[in-house]
Amino acid sequence: MDRREFCVKLMGTSLVLGGLSNGSPAESADPAAPAQKLVWHKTLKAAHKLAIETDKPLLIVFGASWCGFCHKLERETLADKRIVPLIERDFIPVHLDFDRDKKVAKILEVEHLPCTVILSPDADLLQKSEGFTDYKGYIKILQAALEKRATIQQVQNRQP
């Protein structure tokens, strides 16, 4: 069974996977700007269901309480007032704890933290990034995922 098929089966089961909540208030990269906060989904199952309903990719961010760069990503990049609206509009954000969600991390081959994995609602791997990324780099990751998704959809629409 390949990773995509396994992910679909895993997300389709009744297994409820715990994730991190919003955590402490995040600060924007611009100190003068008010902090922005994403609403993170706490379970992969619920997020996947919403991804199918809304036809939006899953933005899965793996972190850990002991990971300094994970906190930096949340505080500086994922709370940036320029990135929050993009994520809210085009993605279903899911925050998973690397230590609690080891099975999912293994399936998605997460080896370094922080790690962002973007999957289509059909569990196609659209993008993966490990390590801290600033706002500009993260925007490129998100845009590349959306472009890859559009390409996949075009190919699927051409098939009889």
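Quick notes on the rules
- Residues numbered from 1 in each chain as written.
- Predicted model: local features only at pLDDT ≥ 70, side-chain atom pairs only at ≥ 80, totals over all residues.
- Heavy atoms only, no water.
- Helix = DSSP H or I, 4+ residues; strand = E, 2+ residues; numbered from the N terminus.
- Buried < 20%, exposed > 50% of the residue type's maximum accessible area, 1.4 Å probe, protein only.
- Contact = heavy atoms within 4.5 Å.
- Areas by Shrake-Rupley, 256 points an atom, 1.4 Å probe, with all protein chains shown as cover.
- Salt bridge = Lys/Arg side-chain N within 4 Å of Asp/Glu carboxyl O.
- Pairing = 2+ DSSP bridges.
- Core = buried A, V, L, I, M, F, W, Y, C linked by side-chain atoms within 4.5 Å.
- Phe/Tyr/Trp six-rings, centres within 6.5 Å; stacked < 30°, edge-to-face > 60°.
- Lys NZ or Arg CZ within 6 Å of the ring centre and 35° of its normal.

Quick notes on the overall build of the chain
And then number 1: Of regular secondary structure, the chain possesses 6 helices and 4 strands.
And then number 2: If you list the helices and strands of the chain from N to C, you get α-α-β-α-α-β-α-β-β-α.
And then number 3: The 160 residues of the chain split such that 44% are buried.
And then number 4: Relative to all contacts within the chain whose residues are 6 or more apart in sequence, the contacts with residues 24 or more apart total 70%.
And then number 5: Total accessible area on the chain stands at roughly 8,600 Å², and carbon and sulfur atoms take up 53% of it.

Re the pattern of salt bridges
And then number 1: A full pass over the atoms with the stated rule returns 5 salt bridges.
And then number 2: Note that R100 and D97 form a salt bridge whose closest N and O atoms lie 3.4 Å from each other.
And then number 3: R100 gets classed as exposed once you look at its relative accessible area, which sits at 55%.

Some thoughts on the pairing of strand 2 (residues 92-97)
And then number 1: Where burial is concerned, most of strand 2 is hidden: 6 out of the 6 residues are buried.
And then number 2: The alternating pattern of strand 2 places I92, V94 and L96 and P93, H95 and D97 on opposite faces, both of which are buried.
And then number 3: One ladder, built from 6 bridges, connects strand 1 (residues 58-63) with strand 2; its direction is parallel. Bridging across to strand 2, V61 finds its partner in H95.

Observations concerning the nonpolar core
And then number 1: One finds I60, F62, L108, V110 and V117 to be the most contacted residues of the largest nonpolar core, which totals 20 residues.
And then number 2: Those elements that provide at least two residues to this core are helix 2 (44-54), strand 1, strand 2, helix 5 (102-107) and strand 3 (115-119).
And then number 3: Beyond its immediate stretch of four places on either side in the chain, F62 contacts C70, L96, F98, D101, V104, A105, L108, V110, L113, P114, C115 and V117.
And then number 4: Formed by 18 residues, the second largest nonpolar core is a distinct cluster that contains V61, I83, V84 and I139.

Topic: the environment of K72
And then number 1: Relative to the helices and strands, K72 is located in helix 3 (residues 68-77).
And then number 2: Separated by 42 residues in the primary sequence, K72 and P114 have C-alpha atoms spaced 9.3 Å apart.
And then number 3: Ignoring sequence-local partners within four residues, the contact set of K72 consists of T77 and F132.

Observations concerning the packing of aromatic side chains
And then number 1: Applying the stated criterion across every chain, the model contains 1 aromatic pair.
And then number 2: The ring of F132 has K72 lying over it, and the distance from NZ or CZ to the ring centre is 4.7 Å.
And then number 3: The lysine or arginine in question, R82, covers the ring of Y135, its NZ or CZ lying 3.8 Å from the ring centre.

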